[in-house]
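Residue-level structure breakdown
Chain by chain, the residues:
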Amino acid sequence: MFTPWEKLVDFLIYTLFGMDKTSHLTSALHFFIYDTVKIFILLIAIIFLVSYLRTWFNVEKVRAYLQGKSEFTGNILASIFGIITPFCTCSAIPLFLGFLQARIPLGVTFSFLISAPLNNEIAIAMLFGLFGWKITAIYIGFGLLVAIIGGFIIGRLNMEKYILLEVKPMEGCCDNPTIDLGGKQRVKEAWDYTFDIFKKIYIYVILGVGVGAFIHGYIPTDFIARYTGGDAWYTVPLAVILGIPMYSSAAGVMPLVEVLTSKGMLLGSALSFMMAVTALSLPEAMILKRLLHTKLIAIFFMIVGSGIILIGYIFNAIL
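Below is a summary of the structure that appears in this document. (Residues numbered from 1 in each chain as written. Predicted model: local features only at pLDDT ≥ 70, side-chain atom pairs only at ≥ 80, totals over all residues. Heavy atoms only, no water.)

As for the overall build of the protein
- Within the protein, the secondary structure is distributed over 15 helices and zero strands.
- When burial is assessed residue by residue, the protein has 50% of its 319 residues classed as buried.
- In the protein, 81% of the contacts between residues at least 6 apart in sequence involve partners at least 24 apart.
- Summed over its atoms, the accessible surface of the protein is roughly 14,400 Å², and 68% of this surface lies on carbon and sulfur atoms. (Helix = DSSP H or I, 4+ residues; strand = E, 2+ residues; numbered from the N terminus. Buried < 20%, exposed > 50% of the residue type's maximum accessible area, 1.4 Å probe, protein only. Contact = heavy atoms within 4.5 Å. Areas by Shrake-Rupley, 256 points an atom, 1.4 Å probe, with all protein chains shown as cover.)

Below, the structure written as structure tokens:
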């Protein structure tokens, strides 16, 4: 999807600017330019699409459907929905916002936010190609488990008061899904909402990707493998801690997982690293900081991080 943009960034960095491909600065700058624009495009497109669709659909019925089920069932459905959405953490946030706007229970929305980057079809396909169907099936099962239980726990903590962004329903999306809105009105309403949200979060995207670019360019793969290889008890928590600042989609980090395992990192540690990169990225935290209170973000990271660490230990023990 973003191949033309990546080629243009390659031309700007390597040809026009004449920068050395092996330089840490070059790697960091390439990452920053490419990912910042990519995330901006995804944010605008997805927020607009979700906002526009919301002017047609009766989200109160969707919410009622989810509320009509048991709380745990809602977490399961949201986690499964995350599998069919090929989003990284940052690009899943617009749909997360849409869920909040629809007043779907907070725990259910978090189940989606956890599952989407962990279990999207791109990650599953690449994992199958690299490690086979058995490891892929185990990974999917554990990924869903983290999303379901993590969202369920957050829902049980009753932390709706820590949502900072107003989530009042948009006009035309409640009792009557087609209430007196023409095509141009729907587009305008969706665009106005998109622009308003984008203004509030774009600086956090820039800051978050900037930090991720520095880590991406200046922390070598060998450093990670040196301190997370072997079967010492601390390798899994350390892999998770190292993975959090290194923002990437599952598709982007999967080749790194292959390299890490080939350099001696245990598979459980490597997969924990990948799950931390995709589900607990620093850019995600910075974007969520504008939407959610720090306490809720900290609890989210603690619950998901603990689940990922447990999965890493289980993988290392059984494989």
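So, next bit.
Remarks on the packing of aromatic side chains
- Overall, the coordinates contain nine aromatic pairs when judged by the stated rule.
- Measuring from ring centre to ring centre gives 6.3 Å for F48 and Y52, while their planes differ by 15°; the resulting arrangement is stacked. Taken together, the residues F48 and Y52, both in helix 2 (residues 24-54) and four residues apart, mark about one turn of the helix.
- Taking the relative accessible area as the measure of exposure, Y52 reaches 24% and is therefore partly exposed.
- Their ring planes at 80° and their centres at 5.6 Å tell us that F300 and F301 sit as a pair that is edge-to-face.
- Joined through ring pairs, the aromatic side chains of F110, F300 and F301 make up one cluster.
- For the cation-ring pair, K21 lies above Y14, with the distance from its terminal atom to the ring centre recorded as 5.0 Å. (Phe/Tyr/Trp six-rings, centres within 6.5 Å; stacked < 30°, edge-to-face > 60°. Lys NZ or Arg CZ within 6 Å of the ring centre and 35° of its normal.)

Structural notes on the packing of helix 6 (residues 106-118) against helix 15 (residues 294-318)
- Orientation of helix 6 relative to helix 15, taken along the N-to-C sense of each, is 55°, at an axis distance of 12 Å. Taken together, helix 6 and helix 15 sit at an angle that is classed as oblique. When the axes of helix 6 and helix 15 are compared, the crossing they make is right-handed. Two secondary-structure elements touch here, helix 6 through L106, F110, L113 and I114 and helix 15 through L296, F300 and V304.
- Here the contact of helix 6 with helix 15 is composed, by residue class, of seven nonpolar, no polar and no charged. (Axes fitted to C-alpha atoms, helices over the stretch in contact; angles between N-to-C directions. Parallel < 35°, antiparallel > 145°, perpendicular 65-115°, else oblique. Left-handed = near helix turned anticlockwise from the far one by under 90°. Nonpolar A, V, L, I, M, F, W, Y, C, P; charged D, E, K, R; others polar.)

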